[in-house]
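What follows is the residue order along each chain.
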Amino acid sequence: MIKAKVLGSGDSAGIPVLGCQCLTCKSLGVRKLRPSIAVFTGQNWFTIDCGPDFKEQTLTYDFSNFVGVCFTHAHLDHILGVPELRDVARKQNRRLTVYLTKETHEMLLKRFPDRISLNSLNDDVEKLACVLINPFEDFIVGSVTITPVLLRHGAQKTTGFRIGDFAYCTDANFIPEETLDRLVNLKNLILDGGWNKNSKDHFGIKDAVLVGEKLRVKNLYLTHIGHEFDFESFARIAPSWVSILEDNQEIEIDLAR
Ligand SMILES: [Zn+2]
Ligand SMILES: [Zn+2]
Ligand SMILES: [Zn+2]
C-alpha cells in the first residue's frame, strides 16, 4: 500500500511559536511541526520538503530504503533540514537524490554550496544528487509516477505534487488553470490554507475551500497552519469534507486515478 504520512502541518514557525504566550501556543495544546510529508511507496520512501524539524520528524524511521526529497520551493521552513541529510548519506554510504526545479536548485546551491551537485558521476556521498524536474512532466520515484504542478506563492513559484488520487500543494495563494486541469479526480488534497484570510503568499480558509469545491475533491486538508489560525470558528463553519491536517496523520494513496 502506498501512503503519505504527515511529518508537519504547521507554518514556518510551527506551533507553539517559541516565546509566544498566546492562547493557542500556551493553553490549547496544539502542536504542529514545520510543513512536510513522507511518502511510502512500498519499495522505498521519500519526503516532500525537509525543513528545520526534519530530524525530530524522522528520528524513528528506517533510512535503509530512503530515497531523498522532492522540494516544493526553497523557503527556509522547507529546506533547513538539508544539513541533516549529510548524516543519513554518511551512515548509508550512498548519495541521496533530491528532485527539484531549476529555480529551487539555484537557491539551494547558494545556501548549501558544499551539499549540492548536478553531476551524477560525483562519488562524494555527502553531495545530494539533484534531478531537475519541470512542472507537468512526470517523474518516477521507486515505482511511483509523480506529476509536479506549478503553484503561485506570492512572487514565488512553488511545486505541488500529484501521486495517484492524492496531491500535496503547500505554500500557494493561486493555482493556475493548467494546474487545475491536472488536479481533477483527486480523493485527497492537502492544500495551503493556514490563514484566516488570504494573504499575499498563502490561501486563506475561504479560498482554499473554493479550490476544493472547484476540483470536487472528496477530502480537503488544510496545512501550513500558524498560531493565529482561528480553530474555534473553523470548527463552526467548515464543511464536513474539509479538515485541518494533523501531524502524524496517514493518508492512503490509490495509484489508479
Ligand atoms: Zn512555508
Ligand atoms: Zn502564539
Ligand atoms: Zn514558502
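Cut-offs applied
- Note that residues are indexed from 1 along each chain, following the sequence as it is written.
- Chains carry letters and ligands carry numbers; both start at the beginning, A for chains and 1 for ligands, and go up in the order they are written.
- Totals for whole chains, interfaces and linings use all residues, but because this is a predicted model, local features are given only for residues with pLDDT of at least 70 and pairs of side-chain atoms are given and counted only at 80 or more.
- Excluded from the side-chain calculations are hydrogens and water; all other atoms, namely the structure's heavy atoms, are used.
- Secondary structure elements follow DSSP: runs of H or I of four or more residues count as helices, runs of E of two or more count as strands, with numbering from the N terminus.
- In this description the radius of gyration comes from C-alpha coordinates, and the expected globular size is given by 2.2 Å times residues to the power 0.38.
- Accessible area is worked out with a 1.4 Å probe on protein chains only. A residue is then buried under 20% of its type maximum, exposed over 50%, and partly exposed in between.
- Residue contacts follow a heavy-atom distance rule, with two residues in contact if any of their heavy atoms lie within 4.5 Å.
- Residue exposure ignores everything except the shown protein chains as possible cover, and the areas themselves are Shrake-Rupley values with a 1.4 Å probe.
- Just so you know, the count uses Lys and Arg for positive and Asp and Glu for negative, and it drops His and the chain ends.
- Where a charge lies is defined by one atom per residue type: Lys uses NZ, Arg uses CZ, Asp uses CG and Glu uses CD.
- Metal-coordinating donors are taken as N, O and S atoms lying within 2.8 Å of the metal, or within 3.2 Å when the metal is Na, K or Ca; because water is left out, some sites can appear incomplete.
- Two N or O atoms count as a polar contact when they lie within 3.5 Å, although within protein this holds only if one can serve as hydrogen donor and the other as acceptor, and sequence-adjacent residues are included solely when both atoms are side-chain atoms.
- When a carboxyl oxygen of Asp or Glu is within 4 Å of a side-chain nitrogen of Lys or Arg, the pair counts as a salt bridge.
- Here a site with four donors is tetrahedral if all angles are between 85 and 135 degrees, and a site with four or six donors is square planar or octahedral if opposite donors are over 155 degrees apart and the other angles are between 65 and 115; anything else gets the irregular label.
- Pairs were defined over the aromatic rings of Phe, Tyr and Trp, the Trp ring being its six-membered one, requiring ring centres within 6.5 Å. Orientation was assigned from the angle between planes: stacked under 30 degrees, edge-to-face over 60, tilted for the rest.
- Only Lys NZ and Arg CZ are tested; either one counts as a charge over a ring when it is within 6 Å of the ring centre and within 35 degrees of the ring normal.
- We treat two strands as partners when DSSP finds at least two bridges between them.
- Axes here mean lines fitted to C-alpha atoms, for a helix over just the part in contact, with angles spanning 0 to 180 degrees between N-to-C directions.

### A closer look at the overall build of the protein chain
- Assigned secondary structure in the protein chain consists of eight helices and 15 strands.
- Its C-alpha atoms give the protein chain a radius of gyration of 17 Å, within 12% of the compact-globule value 18 Å for 257 residues.
- Across the 257 residues of the protein chain, 56% fall into the buried class.
- Counting contacts in the protein chain only where the partners sit at least 6 residues apart, residues at least 24 apart contribute 61% of the total.
- Surface exposure of the protein chain reaches about 11,900 Å², of which carbon and sulfur atoms provide 49%.
- Here the protein chain contributes 30 positively and 33 negatively charged side chains, and the mean placements of these two sets differ by 1 Å.

### Some details on the coordination of the zinc ion (ligand 3)
- In this structure, His-73 (NE2), His-75 (ND1), His-153 (NE2) and Asp-171 (OD) serve as the protein donors to the zinc ion (ligand 3), at separations of 2.1 to 2.3 Å.
- Positions of the donor residues of the zinc ion (ligand 3), expressed as sequence spacing, correspond to H-x1-H-x77-H-x17-D.
- Between the zinc ion (ligand 3) and the zinc ion (ligand 1) the interatomic distance comes to 3.5 Å, and Asp-171 is a ligand of both metals. Residue His-75 is found in the loop between strand E4 (66-70) and helix H3 (76-79), and its partner Asp-171 is found in the loop between strand E11 (166-169) and helix H6 (177-182); the two are separated by 96 residues along the sequence.

### Quick notes on the side chain of Ser-9
- Take Ser-9: it is sitting in the loop between strand E1 (2-8) and helix H1 (23-26).
- Of note is the side chain of Ser-9, whose polar atom sits 3.0 Å from the side chain of Lys-32.
- A distance of 2.5 Å separates a polar atom in the side chain of Ser-9 from a polar atom in the side chain of Asp-247.

### Some details on the pattern of salt bridges
- A full pass over the atoms with the stated rule returns eleven salt bridges.
- With a closest N to O distance of 3.1 Å, Lys-200 and Asp-201 form a salt bridge.
- In this structure Lys-200 comes out as exposed when scored by relative accessible area, which is 66%.
- A cluster of three or more residues bridged by salt bridges with shared partners is formed by Arg-86, Asp-87, Arg-90 and Glu-126.

### A short note on the coordination of the zinc ion (ligand 1)
- Of the protein atoms, only Asp-77 (OD), His-78 (NE2), Asp-171 (OD) and His-224 (NE2) coordinate the zinc ion (ligand 1), at distances of 2.1 to 2.3 Å.
- For the zinc ion (ligand 1), the four donor atoms in the first shell make angles of 89 to 166° at the metal, a pattern classed as irregular.
- Counting gaps between the donor residues of the zinc ion (ligand 1) yields the pattern D-H-x92-D-x52-H.

### Quick word on the packing of aromatic side chains
- Here the structure, examined in full by the defined rule, presents twelve aromatic pairs.
- Consider the rings of Phe-40 and Tyr-61, whose centres lie 6.0 Å apart with planes at 40°: the pair is tilted. With Phe-40 in strand E2 (residues 36-40) and Tyr-61 in the loop between helix H2 (54-58) and E4, this residue pair connects regions lying 21 residues apart in the sequence.
- Above the plane of the ring of Phe-40 lies Lys-3, whose end atom (NZ or CZ) is 5.6 Å from the centre.
- Over the face of the ring belonging to Phe-136 we find Arg-182, whose NZ or CZ atom lies 4.2 Å from the ring centre.

### Focus on the pairing of strand E15 (residues 250-253)
- Of the two faces of E15, only the one carrying Ile-251 and Ile-253 is buried; Glu-250 and Glu-252 on the other face are not.
- For E1 and E15, the ladder comprises four bridges, and the chain directions are antiparallel. Within the sheet, the bridge partner assigned to Lys-5 lies in E15 and is Glu-250.

### Some remarks on the sheet that holds strand E12 (residues 188-192)
- Strand order in this open sheet of seven strands is E8-E9-E10-E11-E12-E13-E14, and the pairing throughout is mixed. Edge strands, defined here as strands with exactly one partner in the open sheet, are strand E8 (139-141) and strand E14 (242-244). In this sheet, adjacent strand axes meet at a mean angle of 30° when their direction is disregarded.
- Inspection of the sheet shows strand E13 (residues 219-223) paired to E14 by three bridges, in the parallel sense. In the strand pairing of E14, Leu-220 is matched with Val-242.
- Packed on one face of the sheet, helix H7 (residues 205-215) meets E12, E13 and E14 and runs near 150° to E13.

### Section: the sheet that holds strand E5 (residues 97-100)
- Spatially, eight strands are ordered E6-E7-E5-E4-E3-E2-E1-E15 in an open sheet, and the strand pairing comes out mixed. One side of each edge strand has no neighbouring strand; the edge strands of this open sheet are strand E6 (116-117) and E15.

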